[in-house]
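Below are the chains, spelled out letter by letter.
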Amino acid sequence: MNPLLLASLLGFAVLGGGCARNPVTGGSDVTMVSEKGEIEQGRKAHEQVIKFYGVYEDQALQDYVNEIGQKLARASHRPDLEWHFTVVDAEDINAFALPGGYIYITRGIMAYLNSEAELAAVLGHEIGHVTARHQVRQQTQQTLAGILGAGAAIFTGSRAVADLANIGGQALLSGYGRDMELEADKLGAQYLAKTGYDTQAMIGVISVLKNQETFEIQRAREEGREPRVYHGVFASHPSADQRLQQAVAVAKPDKEGDARVGTEDYLRRIDGVAFGSSRQQGIVRDNRFYHAGLGITIAFPKDWVVLNQRNRLLAHTRTQDALLQITVDGRPDKTTPREYLQKQIGDRGLTGGQELNFNGMEGYAMISRSGSPLDRGAGPVRYAAVYRDKLVFVFAAASRSSQDSIPAHDRVFLSTFQTLRPLKPSEFPLAEPYRIRLVKAQNGTKVEQLAKDSPIQKYPVQTLRLINDLYPNKEPAAGQLVKVVD
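As the structure is a prediction and not an experimental result, all values here were calculated from the model.

**Q** I'm lost on the packing of aromatic side chains in this one. Help?
**A** Each aromatic ring pair is specified by the distance between its two centres and by the angle formed by the two planes. Under the definition given, this model contains eight aromatic pairs. Summarising the aromatic geometry, the rings of Phe52 and Tyr53 are spaced 5.3 Å apart at their centres and angled 85 degrees between planes, so their arrangement reads as edge-to-face. Aromatic ring contacts, followed pair by pair, group Phe52, Tyr53, Phe96 and Tyr104 into a single cluster.

Written as structure tokens, this is what we have:
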């Protein structure tokens, strides 16, 4: 496709017949995107990112990350850009950048970092993507929808059910290719050196995240799900990569003196940060979901895998032959649950309609003859809409290779729907998140000892080793501050 036409279709601001300058190389980028257009693109996408992820509600932590980020940005190739640094409320191990100076880091990845220098290494890497204009260089080769677009719905035909936005896309979440990732690391190492940080943190953080990735892939395989891993050079090649070692070695500080690591300062800053799901997202404990803000709880079959995602709950059998999704929508005025479902699903051969009345709530359930994601849209889907106060809880469930016009797990689906109920006063503490806390190791302190007191239900020993860079079998030194989860 003609690059000018492609840029126009993507809504890019186009330079009149020229190419934008690359701030790092000083040469021209064949991107057709001006800096003004780049900034505007980032600003618009920023609104979508915040809506999708949410900002982590800890102003002191936000200020700390912004302070470190701004210091690095002033030392970058684009110091005059208006930079924005945000901790997003996600347990994912991730950080990413948008065009025009928008940098994001999840609270999830911060639990695995162990010093201010490592935080600076992650931020410096993302700043490097922006200064080298990697995003806009990529976007001449793929649509904007591929980077910031909404993902396809699992259950088709319903607006409420189909709210599966995938902000981030392939480039943001999977990296920009090895050469661009290495360039971002080289630039990040330069910015670390210029601001007085230990450049070896760039290599150290890769080792930490590689360990996490290795364990996550193994765990995901056992749990029958896709692994959630960090993008980029941290995941794409080992810390022993010679090109990366050389890039870090040649990054020289502007001033002689001890390079800053900032281990204790950083650990003190993340003391109390939510670990796993946050209060705003709701908490899963023993396959029961608790949400204090919504004031509800719901139980899933004990042998099912439950995934608490940002905009939905997903549960499936370990063999993935049954899938159940829950989303929340606003309750429309003067509309019954039956009318609501009919409007959402449309005319797809609706059958099996029945009223639901349980736990002080009213609802309606019905089956569509098609729409199952497990049978390429050909199989039936069990839907339900349950009204509670001003909200609608929307259920959609399907089985693989269902017989006739009813999902094979239909009885399980209906019984699961009806476990939805208000929280009891005694259950509100269960809707509070786990948090990172600090303890000082004594002589003989062992990770297995610390794990015995941990509320982490699965792999507590491995988790504590990973977040403290003690994986796979190291022990803390006497006097060392150790992160635990309570």
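**Q** Please clarify how the pattern of salt bridges should be interpreted in this entry.
**A** Side-chain pairing between opposite charges can occur once the charged atoms of the two side chains come close. Evaluated as defined, the whole model comprises 19 salt bridges. In this structure, Arg268 and Glu264 form a salt bridge, with 3.4 Å as the shortest nitrogen-oxygen distance. Remark: Glu264 and Arg268 occur in helix H13 (residues 263-270); sequence separation between them is four residues, near one turn of the helix. In this structure, Arg465 engages Glu475 in a salt bridge whose closest nitrogen and oxygen atoms are separated by 3.2 Å. With Arg465 in helix H17 (residues 460-467) and Glu475 in the loop between H17 and strand E19 (481-485), the pair connects residues that are ten residues apart, well separated along the chain. You can call Arg465 buried: its relative accessible area is 7%. Accessibility expressed as a relative area gives 30% for Glu475, which makes it partly exposed. In the salt-bridge network here, residues are joined through shared partners; they are Glu35, Glu38, Arg78 and Arg133.

**Q** Just to check I follow, could you spell out the sheet that holds strand E5 (residues 102-106) for this structure?
**A** Backbone hydrogen bonds are what pair the strands of a sheet, in a parallel or an antiparallel way. With respect to topology, three strands assemble into an open sheet ordered E3-E5-E4, the strand pairing being mixed. Edge positions in the open sheet fall to strand E3 (84-88) and strand E4 (95-98), since each of these has one partner strand only. If you compare each strand with its neighbour and ignore which way they point, the axes differ by 20 degrees on average. As paired elements, E4 and E5 share four bridges and run antiparallel to each other. Within E5, the residue paired with Phe96 across the bridge is Tyr104. Strands E3, E4 and E5 of the sheet are contacted by helix H2 (residues 35-53), whose axis makes an angle of about 20 degrees with E5.

**Q** Please explain the sheet that holds strand E18 (residues 434-440) as it appears in this structure.
**A** Read across the sheet, three strands follow the order E6-E18-E19 without closing on themselves; strand pairing throughout is antiparallel. The outermost strands of the open sheet, each flanked by one partner alone, are strand E6 (274-275) and E19. Pairing of E6 with E18 involves two bridges; the strand directions are antiparallel. Bridged to Phe275 within E18 is Tyr434. The strands that H13 touches are E18 and E19; relative to E19, the one it contacts most, it runs at about 20 degrees.

Analysis parameters
- Residues numbered from 1 in each chain as written.
- Predicted model: local features only at pLDDT ≥ 70, side-chain atom pairs only at ≥ 80, totals over all residues.
- Heavy atoms only, no water.
- Phe/Tyr/Trp six-rings, centres within 6.5 Å; stacked < 30°, edge-to-face > 60°.
- Salt bridge = Lys/Arg side-chain N within 4 Å of Asp/Glu carboxyl O.
- Helix = DSSP H or I, 4+ residues; strand = E, 2+ residues; numbered from the N terminus.
- Buried < 20%, exposed > 50% of the residue type's maximum accessible area, 1.4 Å probe, protein only.
- Pairing = 2+ DSSP bridges.
- Axes fitted to C-alpha atoms, helices over the stretch in contact; angles between N-to-C directions.
- Contact = heavy atoms within 4.5 Å.

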